[in-house]
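# Fold and contact review
Now for the letters of each chain:
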Amino acid sequence: MAAAGLPANGPRAIVVVREADGRLRDLAWAPAADTEVTPVHLDEPDGLDVLRHSTAHVLAQAVQDVFPEAKLGIGPPIRDGFYYDFDVEKPFQPEDLGKLEKRMQDIVKAGQTFRRREYSSLDEAKAELKDEPFKLELVDIKGSDDAVDESDVSVEVGAGELTHYDNLNKDGERVWGDLCRGPHLPSTRLIPAFKLMRSAAAYWRGSEKNPQLQRIYGTAWQSRDELKAYLNRLAEAERRDHRKLGTELDLFSFPDEIGSGLVVFHPKGGVIKREMEDYVRARHIEEGFQYVGSPHITKEGLFHTSGHLPYYKDTMFPPMELEGANYYLKAMNCPMHNLIFRSRGRSYRELPMRLFEFGTVYRYEKSGVVHGLTRVRGLTQDDSHSYVTAEQAPDEIKHLLNFVRSLLDDFGLDDYYLELSTRDPKSDKFIGSDEQWERATKVLEDVATESGLELVLDPGGAAFYGPKISVQAKDAIGRTWQMSTIQYDFNQPAGFGLEYQAADGTRQEPVMIHSAKFGSIERFFGVLVEHYAGAFPAWLAPVQVVGIPIRDDHADYLAEFVAKLKKAGIRAEVDYSTDRMQKKIRTAQQQKIPFMAIAGDDDVNGGTVSFRYRDGSQRNGVTIDEAVAHVVEVVRSRVNTGPSAA
RNA sequence: GCCGCCUUAGCUCAGUCGGCUAGAGCGACGCACUCGUAAUGCGUAGGUCGACGGUUCGAUUCCGUCAGGCGGCUCCA
């Protein structure tokens, strides 16, 4: 290849080739007949996958060198890296990673080549792999011709022939090998930069019923610079982490005394929360919803009727018994709203009937999954239920999706996609007939497709009572969280015996559409903090303007300015601390306050203030009236960028 | 829930190979300084070393249980 003048080293190295049908092949591959192939470079997505998969092999070899008794699981490439699962006597300790990394460096430097070898039969493979119980299981799965398309397994065994990769040293001796479909880099020398990140347990083949293996996560890149850039991105993400910013900006906390997953909002967090609530309450009214309210606990019968106790009990807090009845904290608001609908006879003229409330629900999330504001045990949903005729359902769903999109837009969130969660027909965790599910799913799918937004399918992810569309947004670390949801429910109306009187005098069952626009206030809040890295747009900022006097005796002047701002509805204060001006600026900067209004002798004499914006830009000598109008305009406009002098 | 790691002042973190009064920076408070765009100086207060048991002459340090946190896995209406 070098002879052909093509890159064999560096980030642009050609590492594998792609056949016309898209299949990737080793460079050493010798096709049976002349075939057109395209080169795949290390730094393109497929090339990086190959790099990461080969690095996973290097890791596995290192692990078996250092811990000879370790049994191999699987080791696929993942986003930004790879992992490999092992069955070992003792879980890996953090210091083991350093040892393994060193051993991997040696393997990389040794320039081992990957040699593909095809097994002639299942028995041959099984004989060679007799000491690798998990690999044997994979061979058996393949032998039974079942589930080979499962992505986790296919990395190892693939479709068609069963192959093995041997690692050969410089003298052509076999030093290690692994059952694998490939393809691989020509040599371990082509691994330019990698790092082991962490170890964790993972269930074999992803099932809780299987034994746990020890997984090591690593990352690998086409160059040292790319690795460094990746590590920088992780560090940046850490700075945006809402749990860290929540403390630094004094927004919220999770007191141990209250319990895991239960948040308290501090005054500054309370401002943002209230802005969110005020916004979404007003918007619901505009969109035709009626504001209602319901209690936090209820007798168990209600949750039997709704289907929650049979289908959702594990996620509910255990009951409390009083006066001979069991009371449950509510995990969902819908049953309550159904009772409002059912409280008197309903006419078709009332439909769509839209009920909305901030419903605080409690869910017993498993201890290992509670996570900051994004996975909590007590949360408030901006929850609504639209009761409609079956014919009205598509339009109502469209209406709700538009509502959700405009809300995300107003809060400046643009990095999201839609997910369509459907039932798993093989599972018994879903209520209702095939026809009902198909009809409901079709309605949601049509609306989602029509929206033109990116749509990802999520088979088996539906609620027990019906399919849903959800908005998935990313947090700082790239994890996606479900935010807004729209769910089609044909079960609860039947369970509750909901009905309305139609124009022809008959009694009909309405369709119920659940929707939450933020999803939960807590989770949306968390994602918002990370999206803005704590530097909230002026309209959301807990403190919008801080007055910074240059000398103490300028404070009174600023107090008058701040009073005018407050009168105009702006959240403003004067920094009366004994710090020097420079320190006050630093403090305001760290608190990410959008406007600093500085005043010294010049401003007092001229009847002006000097703005310093969050981005460091300045506008000096702005008259008081102009300054008030400026702040009011920025806040009122709800722009999500700036402010800045630029 | 499972596996691993972690828990020392409000925050970030030293430290104790089991031994008298456990340290720092930031923050808070006080005094001095009165200053034009990211840290003025000095001083003071603040900790039953997550909780409870055990081992020991002696435990913040070792062991166990629990709670809370972190990273994954599973789960996620």
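Residues numbered from 1 in each chain as written. Chains lettered and ligands numbered in written order. Predicted model: local features only at pLDDT ≥ 70, side-chain atom pairs only at ≥ 80, totals over all residues. Heavy atoms only, no water.

### A word on the overall build of chain A
The helix and strand inventory of chain A stands at 19 helices and 31 strands. Counting only C-alpha atoms, chain A reaches 85 × 80 × 50 Å along its principal axes. Within chain A, counting contacts between residues at least 6 apart in sequence, those at least 24 apart form 68% of the total. On chain A, roughly 29900 Å² of surface is accessible, and the fraction owed to carbon and sulfur atoms is 48%. Counting 80 positive and 101 negative side-chain charges, chain A places the centres of these two groups 3 Å from one another. (Helix = DSSP H or I, 4+ residues; strand = E, 2+ residues; numbered from the N terminus. Contact = heavy atoms within 4.5 Å. Areas by Shrake-Rupley, 256 points an atom, 1.4 Å probe, with all protein chains shown as cover. Lys, Arg positive; Asp, Glu negative; His and termini not counted. Charge placed at Lys NZ, Arg CZ, Asp CG, Glu CD.)

### Re the pairing of strand E22 (residues 468-474)
In the case of a regular strand, side chains alternate between the two sheet surfaces. Within E22, six of the seven residues are buried, leaving the element largely enclosed by the surrounding structure. Here strand E20 (residues 416-422) runs beside E22; their pairing, made up of six bridges, is antiparallel. What sits directly across from Leu418, in E22, is Val471. With six bridges joining them, E22 and strand E23 (residues 480-489) adopt antiparallel strand pairing. Across the sheet, residue Lys474 finds its bridge partner in E23, namely Thr480. (Buried < 20%, exposed > 50% of the residue type's maximum accessible area, 1.4 Å probe, protein only. Pairing = 2+ DSSP bridges.)

### Notes on the confidence of the model for chain A
Do not read the fine detail of predicted coordinates wherever pLDDT is low. Looking at chain A, the pLDDT average stands at 90 and 96% of residues meet or exceed 70. Contacts from residues 146-151, a stretch scored under 50 in pLDDT, to residues over four places away or in other chains number six contacts. (pLDDT = per-residue confidence, 0-100.)

### Structural notes on the environment of Leu457
Note on placement: Leu457 falls in strand E21 (residues 455-459). With a relative accessible area of 58%, Leu457 lands in the exposed category.

### Let's talk about the environment of Val292
Along the chain, Val292 turns up in the loop between strand E14 (290-291) and strand E15 (297-299). Between the C-alpha atoms of Val292 and Glu357, which are 65 residues apart in sequence, the distance is 5.4 Å. Once residues lying within four places of it in the same chain are set aside, the contact partners of Val292 are His337, Ile340, Leu355, Phe356 and Glu357.

### Considerations on the nonpolar core
Counting 81 residues, the largest nonpolar core has Phe411 and Phe524 as its most contacted members. Broken down by element, this core gets its largest block of residues, eight residues, from helix H12 (residues 393-410). If you count residues domain by domain, this core takes at least three from each of domain 2 (246-531) and domain 3 (545-637). In contact with Phe524, not counting residues within four places along its chain, are Met276, Leu407, Leu408, Phe411, Leu413, Met483 and Phe518. Within the second largest apolar cluster, 36 residues are counted, among which are Leu59, Tyr84, Leu100 and Trp176. (Core = buried A, V, L, I, M, F, W, Y, C linked by side-chain atoms within 4.5 Å. Domains from an automatic or database assignment.)

### Looking at the protein's contact with RNA strand B
Residues in close proximity to RNA strand B total 56 residues, the closest being Arg198, Tyr312, Thr315, Met332 and Ser367. Counting only atoms of RNA strand B within 4 Å of the protein, the sugar-phosphate share comes to 54%. Contact distances for RNA strand B include 3.0 Å between a sugar or linking oxygen and a side-chain N or O atom of Tyr217. Within the contact set of RNA strand B, a base nitrogen lies 3.0 Å away from a side-chain nitrogen or oxygen of Ser610. Listing elements by their share of the surface near RNA strand B, those giving two or more residues are strand E10 (193-203), strand E11 (212-221), helix H17 (581-590), helix H18 (601-606), strand E30 (608-613) and strand E31 (618-623). At six residues, the largest contribution of residues to the surface near RNA strand B is made by H17. Of the residues belonging to the surface near RNA strand B, the class tally is 18 nonpolar, 18 polar and 20 charged. (Near = heavy atom within 4 Å. Polar contact = N/O pair within 3.5 Å; in protein donor to acceptor, adjacent residues only side chain to side chain. Nonpolar A, V, L, I, M, F, W, Y, C, P; charged D, E, K, R; others polar.)

### Section: the packing of aromatic side chains
Applying the stated criterion across every chain yields a total of 29 aromatic pairs. Relative to Phe525, the ring of Phe252 lies with its centre 5.9 Å away and its plane at 90°, an arrangement referred to as edge-to-face. In this pair, Phe252 sits in strand E12 (residues 252-253) while Phe525 sits in helix H15 (residues 521-531), placing the two residues 273 residues apart along the sequence. Note on accessibility: Phe252 and Phe525 belong to one class, buried. Above the face of the Trp221 ring, Arg52 is positioned so that its terminal group lies 4.5 Å from the ring centre. Above the plane of the ring of Phe341 lies Arg346, whose end atom (NZ or CZ) is 5.6 Å from the centre. (Phe/Tyr/Trp six-rings, centres within 6.5 Å; stacked < 30°, edge-to-face > 60°. Lys NZ or Arg CZ within 6 Å of the ring centre and 35° of its normal.)

### So, the packing of helix H8 (residues 267-286) against H15
Packing of H8 against H15 leaves a shortest axis separation of 11 Å and a crossing angle of 115°. With respect to each other, H8 and H15 are oriented roughly perpendicular. For the pair H8 and H15, the sense of crossing is right-handed. Facing H8, whose interface residues are Gly269, Ile272, Lys273, Met276 and Glu277, H15 presents Ile521, Phe524, Phe525 and Leu528. When grouped by side-chain class, the residues that make up the contact of H8 with H15 number six nonpolar, one polar and two charged. (Axes fitted to C-alpha atoms, helices over the stretch in contact; angles between N-to-C directions. Parallel < 35°, antiparallel > 145°, perpendicular 65-115°, else oblique. Left-handed = near helix turned anticlockwise from the far one by under 90°.)

### Overview of the sheet that holds E30
In space, the five strands of this open sheet follow the order E28-E27-E29-E30-E31, with mixed pairing throughout. A strand with exactly one partner marks an edge of an open sheet, and here the two such strands are strand E28 (572-574) and E31. Mean inter-strand twist for the sheet, computed between neighbouring axes without regard to direction, equals 25°. Here five bridges tie strand E27 (residues 545-549) to strand E29 (residues 595-599), and the two strands are oriented parallel to one another. Across the sheet, the residue bridging to Val546 is Met596, located in E29. The strands that helix H16 (residues 555-567) touches are E27, E28, E29 and E30; relative to E28, the one it contacts most, it runs at about 170°. The sheet strands contacting helix H19 (residues 624-637) are E27, E29, E30 and E31, and the helix crosses E31 at an angle near 125°.

### Re unusual backbone geometry
In the segment running from Leu351 into Pro352, the intervening peptide bond is cis, with an omega of -5°. Within the secondary structure, Pro352 sits in the loop between helix H11 (334-342) and strand E18 (353-362). The backbone of Arg205 shows a phi angle near 55°, a positive value even though the residue is not glycine. Here Arg205 is to be found in the loop between E10 and E11. On the basis of relative accessible area, Arg205 is assigned to the partly exposed category, the value being 28%. Positive phi is not limited to glycine here, since Ala533 has a value of about 50°.

### Remarks on the sheet that holds strand E8 (residues 163-168)
The strand order across the open sheet built from three strands is E7-E8-E9, with neighbouring strands paired in antiparallel fashion. The two strands at the open ends of the sheet, each matched to only one other strand, are strand E7 (113-118) and strand E9 (174-179). Put simply, the sheet's adjacent strands are angled 25° from each other on average, direction ignored. Here E7 runs beside E8; their pairing, made up of six bridges, is antiparallel. In the sheet register, Arg116 faces E8, and the bridge partner there is Tyr165. Contacting E7, E8 and E9, helix H1 (residues 45-66) crosses the sheet at an angle of about 120° to E9.

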